[in-house]
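Observations on the model geometry
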Amino acid sequence: MNQTDPREPLMALRAEVGKAVVGQDATITGLVIALLCRGHVLLEGVPGTAKTLMVRALAASLDLDTKRVQFTPDLMPGDVTGSLVYDNRTSEFSFRAGPVFTNLLLADEINRTPPKTQASLLEVMEEGQVTIDGQPRPLPDPFLVAATQNPIEYEGTYPLPEAQLDRFLLMLTVPLPERDDEFGVLTRHMSGFDPRDLAGAGVRPVATAEDLTRARHAVETVSVSPEVTAYVVDLVRATRTSPSAQLGVSPRGAIALLRTARAWAWLAGRDYVTPDDAKALARPALRHRISIRPEAELEGVTADSVIETVLSSVPVPR
């Protein structure tokens, strides 16, 4: 790569996050794709799989403003978006901005707060603004919500509503590490690695807002043939007719799959999208947009298995 290649800072970003997180390369790539596509990402995994650390490392690797919100059962919408506060000195209400007014918002354990507070992010994620007392207040650009959640089977969790799930560009599952990776994690900790001190671990800003803007413009030049577009449409429509699905993928999901496939192709060094690019992103781009029928759920059917069936049944264009 030469110095003018806009991919270079994005590749460096992946490597920098890897200094703090072991064995999660696919998830880190998903976060980078979300940045490139101006989208938001939901990380799901059991406690202790470095979800929060991954997003904190991403924030430390970007020369951008970042804030973290710990979602708890008593969190109120105004604690996230901000609110009007009465000033006794001026006898007027003034707006106190909430933590969403940042470039990268870490919404930690988002499904441990009630739906009313979860819904405070609907406008934020879709329109990039907060409306208080009828006045819209735009958020900074770039803006990304990186949310973490525990599987909904865990005690004290509230399922995210479909409208909010649909606003996440990608849902990335964070698996438990392989044996060698887990050995590497323990070795790092025994050598003095402190997850609370990312600077001490050598994580430094390697990409700026300007780098991200250049990369986004480059992604938009990646071409998509009508055949690949039709393939994406057929994949999405097949989820809606699946006998196991109560709710299939919306048109927003089709757009998300095509956008992320372009970013994937660009990171791979190509200026065109192939059907394989769509296949590679189908699960993270679509799994959270599919609702499974209760009777199918009892038989062990999951959103990923529906997508697997769709990928194997929809004809791939040459």
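This write-up is about the structure you can find in this document.

**Description of the environment of Thr 309**
You can see Thr 309 is positioned in helix α14 (residues 303–313). A relative accessible area of 51% means that Thr 309 is categorised as exposed. Between the alpha carbons of Thr 309 and Met 171 there is a distance of 19 Å; along the sequence they are 138 residues apart.

**Considering the sheet that holds strand β5 (residues 104–108)**
Taken together, five strands build an open sheet; the order of strands is β2-β5-β8-β1-β9 and the sheet is parallel. Edge positions in the sheet fall to β2 (66–70) and β9 (170–173), since each has one partner strand and no second. For this sheet the average axis-to-axis angle between neighbouring strands, irrespective of direction, equals 15 degrees. Taken together, the four bridges between strand β1 (residues 41–44) and β9 define a ladder with parallel strand orientation. Opposite Leu 42, over in β9, you have Met 171 as the bridge partner. Against the sheet, helix α3 (residues 51–61) engages β1, β2, β5 and β8 (144–149), with an angle of about 170 degrees to β5.

**Examining the environment of Asp 194**
Relative to the assigned elements, Asp 194 resides in the loop between α8 (179–190) and α9 (209–219). For Asp 194, a relative accessible area of 28% translates into the label partly exposed. The sequence separation of Asp 194 and Ala 119 amounts to 75 residues, and the corresponding C-alpha distance is 34 Å.

**Comments concerning the nonpolar core**
Within the largest apolar cluster, 73 residues are counted, with the highest numbers of intra-cluster contacts made by Leu 36, Leu 58 and Trp 266. Discounting chain neighbours no more than four positions away, the residues touching Leu 58 are Leu 13, Val 17, Leu 31, Leu 35, Leu 104 and Leu 144. Among the nonpolar cores identified, the runner-up in size contains 23 residues, and Leu 42, Phe 71, Leu 121 and Ile 132 belong to it.

Scoring rules and cut-offs
- Residue numbers restart at each chain and count upward from 1, following the sequence in its written direction.
- Local features are withheld for residues below a pLDDT of 70 in this predicted model, meaning they are given only at 70 or higher, and side-chain atom pairs are given and counted only at 80 or more; totals for whole chains, interfaces and linings count all residues.
- Where side-chain values are given, they derive from all heavy atoms of the structure, hydrogens and water being excluded.
- Here a helix means four or more residues in a row that DSSP labels H or I, a strand means two or more in a row labelled E, and each is numbered from the N terminus.
- The cut-offs for exposure are 20% and 50% of the maximum accessible area for each residue type, with area from a 1.4 Å probe on protein chains only; residues under the lower value are buried, those over the upper are exposed, and the others partly exposed.
- Two strands pair under a simple rule: DSSP has to find at least two bridges between them.
- Lines are fitted to the C-alpha atoms to define the axes, a helix being fitted only along its stretch in contact, and any angle between axes, read from their N-to-C directions, falls within 0 to 180 degrees.
- Contact between two residues is taken to exist if any of their heavy atoms lie within 4.5 Å; hydrogens are not considered.
- Take the buried residues of types Ala, Val, Leu, Ile, Met, Phe, Trp, Tyr and Cys, join any two whose side-chain atoms come within 4.5 Å, and each joined set is a nonpolar core.

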